[in-house]
Amino acid sequence: MKLGGTVHQNCAARGVEMEGGRLSGVVTEAGTIKTRTAVLAGGAWASSFCNQLGVQFPVATIRQSMVRLAPVEQQLPAALTSPHVAITRRPDGHYVLAISGRGRADPTAQMLRFAPQFLPMFAKRWRNVFPGGLEGMRWGHETRAKWKLDAPTPMERARILDPKPDPAGVRETHRRAVDLLPALREARIANTWAGYIDSTPDGVPGIGELPQVRGLILAAGFSGHGFGIGPGAGHLIADLVSGAKPIFDPAPFDPARFKESMWGKVADF
Ligand SMILES: Cc1cc2nc3c(=O)[nH]c(=O)nc-3n(C[C@H](O)[C@H](O)[C@H](O)COP(=O)(O)OP(=O)(O)OC[C@H]3O[C@@H](n4cnc5c(N)ncnc54)[C@H](O)[C@@H]3O)c2cc1C
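Residues numbered from 1 in each chain as written. Predicted model: local features only at pLDDT ≥ 70, side-chain atom pairs only at ≥ 80, totals over all residues. Heavy atoms only, no water.

Chemist: So what about the sheet that holds strand β1 (residues 13–19)? Which residues, and what values?
Modeler: The three strands are arranged β1-β2-β3 in an open sheet whose pairing can be described as antiparallel. Edge strands, defined here as strands with exactly one partner in the open sheet, are β1 and β3 (31–34). Taken over all neighbouring pairs, the strand axes of this sheet differ in orientation by 30 degrees on average, direction set aside. As paired strands, strand β2 (residues 22–28) and β3 are joined by four bridges and run antiparallel to one another. Residue pairing in the sheet places G25 in a bridge with K34 of β3. (Pairing = 2+ DSSP bridges. Helix = DSSP H or I, 4+ residues; strand = E, 2+ residues; numbered from the N terminus. Axes fitted to C-alpha atoms, helices over the stretch in contact; angles between N-to-C directions.)

Shown next as structure tokens:
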């Protein structure tokens, strides 16, 4: 902001304006921002946004459930991660529990559209990814519908994705945590919640300029590890925006790679 930047919160982007095949502006619910460069970092909404631009970005959002336990008297490890369950103590003494990679695939129009690319991933992870329900359709983030630039979009109607946790997933997460650390048996479940993990067919995000809209850089599909790789990914995105030499080779993240068949290129997570 010291350098003249402005921050616009609670302001949805609806689409883009183009001139000569290149981005010339981003249309938002509060007006158009003239720019020749923008970053599309819309998380679970990125794929349906891309669809508005005629870009097919395969993403399946997996609903993962989380559990928080109240503190226990016994001193337990601050963090414990196993293939079965992850347990992390928060600064307030509560414990957050999760099963990495486990969740529900809520069927949506987008999921059906990209199903062939996701079959290998689902086949490999059948023990952890289960069919879900109508949650995904209800939130509308995976709609295939085209929306208008002068009317509220599905993202504006939902605004914050807050899907329901899966009771079976919560029970299993709790059971595994108590098996691993029996002292947690006495802890009360303080709350549960869920979130959508924006997964690509190979578990690697799409980061790069979209050839269909020059100047628009996609940075989405972080597939459940966006916090972990955020610093490096952010550096790369900044390099692409500013035209600096990329901090590392961006080729493996090229969004165009999804044109290829995903058979044999399944994420190991
Ligand atoms: C339950 C759960 C547990 C997780 N655990 C971990 C973990 O342990 N480690 C880890 O590394 N990662 C974890 N992740 C993944 C991590 O949260 C994501 O990878 C990361 O948040 C992705 O960052 P992002 O900026 O790409 O997208 P997001 O954080 O989803 O941000 C996208 C933002 O864009 C906004 N937006 C969307 N569309 C528009 C629009 N049209 N106009 C304006 N704004 C828009 C959204 O409202 C949102 O604020 C977890 C995710 C979940 C759901």
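Chemist: Please give an account of the side chain of S223 that cites residues and values.
Modeler: Along the chain, the position of S223 falls in the loop between β13 (216–220) and α7 (226–242). When its relative accessible area of 3% is taken as the criterion, S223 is described as buried. Of the polar contacts made by the side chain of S223, one reaches the backbone oxygen of G221; its length is 2.9 Å. (Buried < 20%, exposed > 50% of the residue type's maximum accessible area, 1.4 Å probe, protein only. Polar contact = N/O pair within 3.5 Å; in protein donor to acceptor, adjacent residues only side chain to side chain.)

Chemist: I'd like a description of the side chain of E135, backed by residues and values.
Modeler: As for its position among the elements, E135 is in helix α4 (residues 135–139). With sequence-adjacent residues up to four places away left out, E135 is seen in contact with R63, D106, P163, K164 and Y196. (Contact = heavy atoms within 4.5 Å.)

So far we have only geometry, and geometry alone does not tell us how the molecule works.
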